[in-house]
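# A closer look at the structure
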Amino acid sequence: MRVEEGFQPVPFVEGNPYSTDPVLPALLKRILPSDVFADVSKDLERFGGEVLTTVRELCKQATPPQLVQYDSWGRRVDELRTSEGWRGLKDVFQREGVVAIPYERKYGEHSRAYAFAKLFISVADSEVIDCPLSMSDGVARVLELIGSPKLKDEIYSRLISRDPAHAYTAGQWMTERPGGSDVSRTETVASPVPGTTSSFGPTYNIDGFKWFSSATDSDVALALARTGSPEDGSRGLSLFLIPVRLPLIRPPGAPRPSALTNNIHIHRLKNKFGTKIVPTAELSIQGAEAYLLGQVNQGVKLITPVLNITRTHSAIGSTAYLRKCLAIATAHSHGRAIRGGKQLLRDTPLHVAELARLHVLYRALVHFVFGSILLLGKTECGAASESESLRLRLLTPAIKAFAADKCVAAMEECMTMLGGEGYMEENGITKLIQDGLVEKIWEGTITVLSLDLVRVVEKSGALDAFLKWANDTLDACPAALAMTLEEPLAFLRKALLALPDAYKAAAHPLVPRPALFLFSHIASSVYLLEHAIWASTTSEPGHEIDAETFKRWVLEGGLDLALENVRRAKSSSQNRTQTDSAIVYGTTGGKVAARL
C-alpha cells in the first residue's frame, strides 16, 4: 500500500494564540481599563496572526550557534556565529516592543501586562528568544534606576529600542563554578583603574571565569564581581556593566567585533539538554573593562530588580509552553476518532475529563502569574500601595517556582493525549518540554525560591499584607455566588488560617518547600475567585465556568495535599534529616570515593 492510500490522519489545526485562548482575553478585559483593553486586544490579535506565520517561519531557520575560536592562521578570534533565524526572531520581538513597552509606559501601570501578554502568546514559538530579551528587560530596569546619565542616554535607550539596527541586548553573568546560585563564593575580582575616568561610570578591570553566560551574543552584560575580601561573602560583591565588545558604541552598520576586544575569551559553548538555539557559553574574563553601577559592595541588592523581572519572564515562559501544548492536545481531540472511527476524542468523557483537569490548572496559573505582573507594573510606575508592593515580594519567587513545577508535568500529559503522535518531534511538544525544563533551574530552583519566600516573610510584613488581601477578596464574594461556592470557600479559609503557622519563626528545616506550594495554591485560588466574582457581577459569558474552575481548583487541584505536606513536615521529628541522609548515603557514616 502506498502512503497516500488507506486511512489518512487528520492534522490538528491551531487557532490564533490570543483570540482562541480560553483565559487571556477575559483576564485582560478585567484588569485593563476599557480603552486600554480595546487597543491591546486589537494588537494582540494582529500579533497572534504574525506568530502563526512570520515567527514560525523564522523558527524553521533557527539553528544552534557555532563557535570558531581560531582562524586559518591559528589566531584566536572567538567568532560566535548565530543563525539567520535567531537574529530574525530577535528583530521581530524588538520591533514588537516586548522590551520597549514597559518603559514607553503608554498605558502607565498597565504597560507591563500588555508586554507580558504579547510575550505570552508568542514565546512558545520563539526558540527561547526571550532569554536575551528578559535579561535586556532586567538590565534596562537597573539602568533606569541607578545608571549614570551617559549610560541612560547611550545604553538604556538602546536596550528599549524598537529599531533592530539600533537596539542592544544584554546578558547577565552571575553563575560561577564554586557556588551556582550561591554567589557568596564568587571568584571574579574587580579592580579600579587608577587615573581612568569614563562618562559611563567608575572604570574597573574584571578578572574571573563565568561558568554559565546565556545569550553570549549580547552587547552588554551585568555581572557581579568581588570588590571586598572573600571572607565578606556576598557582602563584598559589586555590580558592573561590562561591554561584551569594544568599542561599546559603534557607527550604524559597523561590523560587530569579537568579545576578545574587551579581553573576554569564549572558552566553549554549553552542550545543554534544551534551549539549544540560545548561545550559552563559559567565559574567561581576563582584564575586561567594566563600569561600576551604584555603590561598592552593594551588588546583590542592586541586581535584585533583574532577578524579579527575569523570574517573571520565566513564569510566563513556563505557562506559555503549557498554553501551546494544551492548545495542541485540545485541537487534536476534535479530529482524532476511536471505536472504529465512530467517536471523536472530544466526545469521550474519560479523555475530556483529563483535558478539563489540565485546563483548570492552566487557568489557575495564568491568573496567578498575571496577578503578580499587575503588581509589578504598579510598583514600577509608583502606583502600588505599600500592601501591594509587599505582596509582590512574595508573589515573584512563588509564581516562578510554582509555574515551573506544574507546567512540565502538565506538558507531558498533553503529549500522551496525542498518543504516539505526541512523541514525535514534528508537533513541537517534545521541544517545549526540553526547553521548559530549564525554568525549574534558571534563576533559582524551587528549593532556593522557597528559602527566598521565608526570608521575605521574616524581614517584612508581606505575609500579613497577603492575608489581608486574600481575606478581603473572600469577604467580597456576593451572597448568591458564595452560596454556590460554599464548600471551596470554607476550605480556602481553612488553608489561610494554616498559612501563618507554616512560616512561624524557627520552623522545621523541611517546611519551606511545602510551604511555598501551600502559599501558591492559596494565592492562585484567590486570583481565580477574584476573576469569578468579576465575571459573575458583570454577567460575563462563561461566568459559570469561572466559578466552577475556582471550585475544582480548590477542592481537586492539590490544596489538600499542600496542607497535608506542610503538616507532615512540621510534625517531623528532628532526626528525620538524619534518617534522610541514611537513606541516601547509607549508615556507615563515611564517604564513598567515586569510581569510574
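Above this text you will find the structure in question.
Since this is a predicted model, take the numbers as computed values, not measurements. (Residues numbered from 1 in each chain as written. Predicted model: local features only at pLDDT ≥ 70, side-chain atom pairs only at ≥ 80, totals over all residues. Heavy atoms only, no water.)

### Here we look at the overall build of the chain
Applicable threshold: Helix and strand assignments come from DSSP, with helices taken as H or I runs of at least 4 residues and strands as E runs of at least 2, each series counted from the N terminus. The atom set for the radius of gyration is the C-alpha atoms, and the globule formula is 2.2 Å times the number of residues raised to the power 0.38. Note on classification: 1.4 Å probe, protein chains only; a residue is buried when its accessible area is under 20% of the maximum for its type, exposed when over 50%, partly exposed between these limits. Working definition of accessibility: Shrake-Rupley area with a 1.4 Å probe, residue cover restricted to the visible protein chains.
A tally of helices and strands in the chain yields 20 helices and 11 strands. Computed over the C-alpha atoms, the radius of gyration of the chain is 25 Å, within 12% of the 25 Å expected from 2.2 N^0.38 for a compact globule of 596 residues. In terms of overall dimensions, the chain has C-alpha extents of about 75 × 70 × 60 Å along its principal axes. Looking at the chain residue by residue over its 596 residues, the buried ones come to 54%. Accessible surface for the chain amounts to roughly 26,300 Å². Of this, 54% is attributable to carbon and sulfur atoms.

### With respect to helix H7 (residues 149-159)
Note the following rule: Here, the arc refers to the directions that run from the helix axis to the C-beta atoms. We call two residues in contact when some of their heavy atoms are within 4.5 Å.
Three or more residues of H7 are buried, namely Leu151, Glu154, Ile155, Tyr156, Arg158 and Leu159. Down the axis of H7, the buried set is contained in an arc of 165°. They therefore lie on one face. Where H7 is buried, its residues touch helix H4 (101-104), helix H6 (130-146), strand S3 (170-173), strand S6 (220-226), strand S7 (237-243) and strand S9 (281-293).

### What about the packing of helix H11 (residues 386-416) against helix H12 (residues 429-436)?
Two quantities define a packed helix pair, namely the angle between the axes and the distance from one axis to the other. Our working rule: Only C-alpha atoms enter the line fits that serve as axes; for helices the fit covers just the stretch in contact. Angles between N-to-C directions range over 0 to 180 degrees. Angle categories: roughly parallel below 35 degrees, roughly antiparallel above 145, roughly perpendicular from 65 to 115, and oblique for all the rest. Under the scheme applied here, ten amino acids are nonpolar (Ala, Val, Leu, Ile, Met, Phe, Trp, Tyr, Cys and Pro), four are charged (Asp, Glu, Lys and Arg), and all others, including Gly, are polar.
Orientation of H11 relative to H12, taken along the N-to-C sense of each, is 170°, at an axis distance of 10 Å. Between H11 and H12, the angle is such that the two are roughly antiparallel. Taken together, the residues of H12 that come into contact with H11 (itself represented by Val408, Met411, Glu412, Cys414 and Met415) are Ile429, Thr430, Leu432, Ile433 and Gly436. Residue composition of the contact of H11 with H12, grouped by class: 7 nonpolar, 2 polar and 1 charged.

### Things to note about the pairing of strand S2 (residues 76-81)
The following threshold applies: Whether two strands pair depends on DSSP finding at least two bridges between them.
In this structure, strand S1 (residues 66-70) lies alongside S2, joined through 4 bridges in antiparallel fashion. By the bridge assignment, Val68 is partnered in S2 with Glu79. The turn linking S1 back onto S2 is made up of 5 residues, and Gly74 within it adopts a positive phi angle of 80°.

### Remarks on the pattern of salt bridges
For clarity, the cut-off: Salt bridge, as used here: a side-chain nitrogen of Lys or Arg that lies within 4 Å of a carboxyl oxygen of Asp or Glu.
Enumeration over the complete set of coordinates arrives at 43 salt bridges. Sharing partners across several salt bridges, the network here consists of Glu14, Arg56, Asp125 and Lys324.

### Description of the environment of Ser536
Considering the arrangement of structural elements, one finds Ser536 in helix H17 (residues 512-537). Taking relative accessible area as the criterion, Ser536 reaches 25% and is therefore assigned partly exposed. Excluding residues within four positions of it along the chain, Ser536 makes contact with Leu481 and His543.

### Here's the deal with the nonpolar core
So the rule is basically this: In this text, buried Ala, Val, Leu, Ile, Met, Phe, Trp, Tyr and Cys residues form a nonpolar core when linked through side-chain atoms within 4.5 Å.
Ranked by internal contacts, the top residues of the largest apolar core, which has 164 residues, are Leu28, Phe370, Phe466, Tyr503, Phe519 and Ile522. In this view, Tyr503 contacts Leu453, Val454, Val457, Leu463, Ala515, Leu516 and Phe519; residues no more than four positions away in its chain are not counted. Of all hydrophobic cores here, the second largest spans 20 residues; its members include Trp173, Ala190, Ala223 and Ala288.

### What about the environment of Thr348?
The test is simple: In the analysis that follows, any N or O atom pair within 3.5 Å is treated as a polar contact, provided that within protein one partner can donate a hydrogen and the other can accept it, and provided that, for residues neighboring in sequence, both atoms belong to side chains.
Turning to its location among the elements, Thr348 is positioned in the loop between strand S11 (343-344) and helix H10 (349-380). Residue classification places Thr348 among the buried residues on the basis of a relative accessible area of 11%. Separated by 15 residues in sequence, Thr348 and Ser333 have C-alpha atoms that sit 9.2 Å apart. Among residues more than four places away in sequence, those in contact with Thr348 are Ile338 and Gln343. A distance of 3.0 Å separates a polar side-chain atom of Thr348 from the backbone oxygen of Leu344.

### Concerning the packing of aromatic side chains
What counts here: Note on aromatic pairs: the rings of Phe, Tyr and Trp (six-membered ring only in Trp) are paired at centre separations within 6.5 Å, and the planes decide the class, stacked below 30 degrees, edge-to-face beyond 60, tilted for the rest.
On inspection of all chains with the given rule, the structure shows 14 aromatic pairs. Ring centres of Tyr107 and Tyr114 lie 5.8 Å apart, and the angle between their planes is 65°; on these two criteria the pair is classed as edge-to-face. The pair Tyr107 / Tyr114 is uniform in exposure class, with both members buried. Centre to centre, the rings of Phe120 and Tyr362 are 6.4 Å apart; their planes meet at 20°, and the pair counts as stacked. You can see Phe120 sitting in helix H5 (residues 111-120) and its partner Tyr362 sitting in helix H10, a full 242 residues away along the chain. Accessibility assignment for this pair places Phe120 and Tyr362 in one class, buried. Three or more aromatic residues joined by ring pairs form one cluster here, namely Phe368, Phe402, Phe517 and Trp553.

### Side note on unusual backbone geometry
Here the residue pair Leu246 and Pro247 is connected by a cis peptide bond, since its omega of 0° sits within 30 degrees of zero. With respect to the helices and strands, Pro247 occurs in the loop between S7 and strand S8 (264-269). One non-glycine residue, Val128, lies in positive phi territory at about 60°. Along the chain, Val128 turns up in the loop between H5 and H6.

### Focus: a nonpolar patch on the surface
Defined as follows: What goes into a patch is any residue over 30% in relative accessible area without a salt bridge, connected to like charges within 9 Å or, for nonpolar side chains (Val, Leu, Ile, Met, Phe, Trp, Tyr), within 5 Å.
There is a patch of nonpolar side chains on the surface, built from Ile583, Val584 and Tyr585 and spanning about 400 Å² of accessible area. Residue class for Tyr585 comes out exposed when judged on its relative accessible area of 64%.

### A word on the packing of helix H14 (residues 462-475) against helix H16 (residues 486-502)
Rules: Helix crossings fall into two classes, left-handed where the near helix is turned counterclockwise from the far one by less than a right angle and right-handed where it is turned clockwise.
One can describe the packing of H14 onto H16 by two numbers: an axis separation of 11 Å at closest approach and a directional angle of 165°. As judged from the angle between their axes, H14 and H16 are roughly antiparallel. Two packed elements cross with a definite hand, and for H14 against H16 that hand is left-handed. The residues of H16 that touch H14, namely those facing Leu463, Phe466, Leu467, Ala470, Asn471, Leu474 and Asp475, are Leu489, Leu492, Arg493, Leu496, Leu499 and Pro500. Residues of the contact of H14 with H16, tallied by class, amount to 10 nonpolar, 1 polar and 2 charged.

### Brief notes about the side chain of Arg311
By the element assignment, Arg311 lies in helix H9 (residues 304-333). A distance of 3.0 Å separates the side chain of Arg311 from the backbone oxygen of Glu443, its partner in a polar contact. Among all residues touching Arg311, those that are not within four sequence positions of it are Thr396, Pro397, Lys400, Glu443, Leu449 and Asp452.

### Quick notes on the side chain of Glu443
We count it as follows: In this tally, Lys and Arg are treated as positive and Asp and Glu as negative; His is ignored, and so are the chain termini.
Looking at the element boundaries, Glu443 is found in the loop between H12 and helix H13 (446-459). Despite its burial, Glu443 pairs with no opposite charge; the closest candidate is Arg311, at 5.4 Å N-O. Within the local environment of Glu443, its side chain forms a polar contact with the side chain of Gln172, the two groups lying 3.4 Å apart.

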